[in-house]
Amino acid sequence: MTTHVLGDTSVLTGRSLRHILRSPDTIITTVVTPVALLLLFVYVLGGAIHTGSSQSYVNYLLPGILLITIASGVAYTAYRLFLDLQGGIFERFQSMPIARSSVLWAHVLTSVTANLVSVAVVIGVALIMGFRTGASIAVWLAVAGMLILFTLAVTWLAVIAGLSAKTVDGASAFSYPLIFLPFISSAFVPTSSMPGPVAWFAENQPVTSIVNTIRALFAQQAVGSEVWIALAWLVSLLAVAYAFAIATYGRKVS
Amino acid sequence: MTAQPAVQVKGIRKSFKDVDVLCGVDFDVEAGSIFALLGSNGAGKTTLVRILSTLLKADAGTATVHGVDVAANPGKVRESISLTGQFAAVDDVLTGRENLVLVAKLRHLKNAGAIADDLLARFSLTDAGDRKASTYSGGMRRRLDIAMSLIGNPPIIFLDEPTTGLDPQARIEVWQTMKKLADQGTTVLLTTLHLDEAEQLAHRIAILHKGTIIQNGTLAELKQVLPAARVEFVEKQSSLEDVFLALVGETGEAGTTADDPADSNVPARNEMQ
């Protein structure tokens, strides 16, 4: 059984990637909100925001916008998983001699692929708006690595939501707090401009360290200890979400 | 029969919270036969099928499928079964052909494409093969669903209310498919709400009521349970189904062209009886 994990996962990933190719609107709707936020903050609100750094506001803003893009993109993973459960195809897969974990991994790998495409589109828009970086290929890969880790962590959260939701709306509702989290972080304004308790929350939630790390990478500055805090957050979030998702799956398929 | 039964169910119990759905179910299904599990809604048919197809664990009792215990070795059981659930389990976004190729690949078969083309032809879906399954009529979806279940020629097939929601022609097509399967030696366990369906198809019929099998036998045996036949004179009216089938033709060629051009490819069939 387990000898087929890779083969089954790739067949099932091919299936859900085809879903995305057949409905590219899932990519478009994923990027609409982040691009709108990018335009709103750079061209409307950004002029009044003092970031205290010498770089342009679009450079300051982009890392947070990328996290918002991923947070809204994974809602589709929960949605697709929920539809599989509703439609009966999930039970067909479960009654077939295939590796059981491959059903989930296919959705997770599809989520990573779709979100990388969405992120690329948003970066493209940011480049048109004047985003500039002298980052080398190695640094771009480091940024991609951080974003993939973030995608994996929130996708496994999406798997929990998709498996346990009772309605379609419930399946995607979990992503709203995730989309909102960057607003109470260093993504839009420096945390030092916030009142005490809010600043404390902003500085001690995962988004701030991830945003600061990616921002430093793009600006070719030292990432300092922030990168370790970010990685610690990402790895522990991923581990916890994965464990809960697998436990939820276990209850579902027993 | 001396051969080992294809399915053996002994003392299966299952409750959900406080509700006892199955309260000790026993029966055997002879290999190569059609076995109908007859019962009203809520009798526990689906729960039993889900247990036999390894989707659910029983609280007590044992069940073996193809000689393998479903609780001890579900992975092995899955290699010899196929499940067609109550709702057609097809991927709406994929085409009919892609659905078949997907299942063939997941069954680790070579020539997935050739298998898909063969099944599309057998189920009169060749012309619709490159259309998304979401555009199919109810009958076509069910045919595709059953075609997907036949991939890899599993020796035992579970069909949970396979004709629910189908029009009379599509229902007859599904019946013919089941008969063909049994002729080829496949064991078919079917659940149904419809007495005539069990009567038409099944070699043995078990009646599941309130979580137990209250009667199990051939049609002739079940008829003996009733009081002896009396002779009465009753005017034989055509049933509405007879009228409907006479008007549209049993092959389904006449009446379905308006919204469902692909159904017109259904080849002429022999009449059922």
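Since this is a predicted model, take the numbers as computed values, not measurements. (Residues numbered from 1 in each chain as written. Chains lettered and ligands numbered in written order. Predicted model: local features only at pLDDT ≥ 70, side-chain atom pairs only at ≥ 80, totals over all residues. Heavy atoms only, no water.)

Across its full length, chain B holds nine helices and 10 strands. When each of the 273 residues of chain B is scored for burial, the buried share is 49%. Across chain B, contacts joining residues at least 24 apart in sequence account for 67% of those joining residues at least 6 apart. Counting every atom, chain B has about 13,200 Å² of accessible surface; 52% of that belongs to carbon and sulfur. (Helix = DSSP H or I, 4+ residues; strand = E, 2+ residues; numbered from the N terminus. Buried < 20%, exposed > 50% of the residue type's maximum accessible area, 1.4 Å probe, protein only. Contact = heavy atoms within 4.5 Å. Areas by Shrake-Rupley, 256 points an atom, 1.4 Å probe, with all protein chains shown as cover.)

All names here are of chain B. Note: strand β1 (residues 7-16) against strand β2 (residues 19-29), eight bridges, orientation antiparallel. Looking across to β2, one finds that Gln-8 is bridged to Asp-28. In this antiparallel pair of consecutive strands, β1 and β2, the connection spans two residues, and Lys-17 shows a positive phi of 50°. With five bridges connecting them, β1 and strand β4 (residues 60-65) associate as antiparallel partners. Bridging from a neighbouring strand, Val-9 pairs with Ala-63 of β4. (Pairing = 2+ DSSP bridges.)

Let us look at the UniProt feature "transmembrane region" (unreviewed entry) in chain A. The UniProt record annotates "transmembrane region" (unreviewed entry) at residues 27-49, 61-82, 103-131, 137-161 and 227-249 of chain A. Helix makes up 100% of residues 227-249 of chain A and strand makes up 0%, while its end C-alpha atoms are separated by 32 Å. (UniProt positions renumbered as here; feature names shortened; annotations may be inferred.)

Let's shift gears to the interface of chain B and chain A. A common measure of how large an interface is: the accessible area buried when the components associate. Residue-level contacts link 30 residues of chain B with 23 residues of chain A. Summing both partners gives a buried area of about 2,300 Å² for chain B against chain A, and 59% of it is carried by carbon and sulfur. Where Glu-91 of chain A meets Arg-50 of chain B, a salt bridge forms, and the shortest distance between an N and an O atom there is 2.1 Å. The tally of links between chain B and chain A comes to 11 residue pairs in polar contact (both at pLDDT 80 or more). Among the secondary structure elements, those contributing two or more residues to the side of chain B that touches chain A are α2 (74-78), β6 (81-84), α3 (96-106) and α5 (138-150) of chain B. The dominant element in the side of chain B that touches chain A, judged by the number of residues it contributes, is α3 of chain B, at six residues. (Buried area = accessible area lost by both parts, 1.4 Å probe. Salt bridge = Lys/Arg side-chain N within 4 Å of Asp/Glu carboxyl O. Polar contact = N/O pair within 3.5 Å; in protein donor to acceptor, adjacent residues only side chain to side chain.)

Now for the pairing of strand β3 (residues 34-38) of chain B. Residue and element names in this part refer to chain B. Across the five residues that make up β3, a large majority, five, are buried. Burial along β3 is two-sided: Ile-34, Ala-36 and Leu-38 facing one way and Phe-35 and Leu-37 facing the other are all buried. The sheet contact formed by β3 and strand β8 (residues 187-192) spans five bridges and is parallel. Looking across to β8, one finds that Leu-38 is bridged to Thr-192.

Attention shifts here to the pattern of salt bridges. If you walk through the whole model with that rule in mind, you get 14 salt bridges over all chains. Three or more residues are tied together by salt bridges with common partners; here these are Arg-15 and Asp-84 of chain A together with Asp-91 of chain B.

What follows concerns the sheet that holds strand β5 (residues 68-69) of chain B. Working definition: the strands of a sheet are paired by backbone hydrogen bonds and lie parallel or antiparallel to each other. All names here are of chain B. Here four strands make up an open sheet; going across it, the order is β2-β1-β4-β5 and the pairing antiparallel. With one partner strand each, in any of the chains shown, β2 and β5 form the two edges of the open sheet. Across the sheet, helix α1 (residues 45-52) lies against β1, β2 and β4, angled at about 120° from β1, the strand it touches most. (Axes fitted to C-alpha atoms, helices over the stretch in contact; angles between N-to-C directions.)

Under the UniProt annotation, the feature "domain: ABC transmembrane type-2" (unreviewed entry) is placed at residues 25-252 of chain A. Annotation note: span residues 25-252 of chain A, helix share 76%, strand share 0%, distance between end C-alpha atoms 30 Å.

All names here are of chain B. In this structure, Lys-17 takes a positive phi of about 50° despite not being glycine. By secondary structure assignment, the location of Lys-17 is in the loop between β1 and β2. The exposure class of Lys-17 is exposed, given its relative accessible area of 84%.

We now examine the environment of Val-68 of chain B. Residue and element names in this part refer to chain B. Along the polypeptide, Val-68 turns up in strand β5. Residues Val-68 and Ser-80, spaced 12 residues apart in sequence, show a C-alpha to C-alpha distance of 9.5 Å. Every residue in contact with Val-68, bar those within four places of it in the chain, is listed here: Ala-63, Asn-73, Lys-76 and Val-77.

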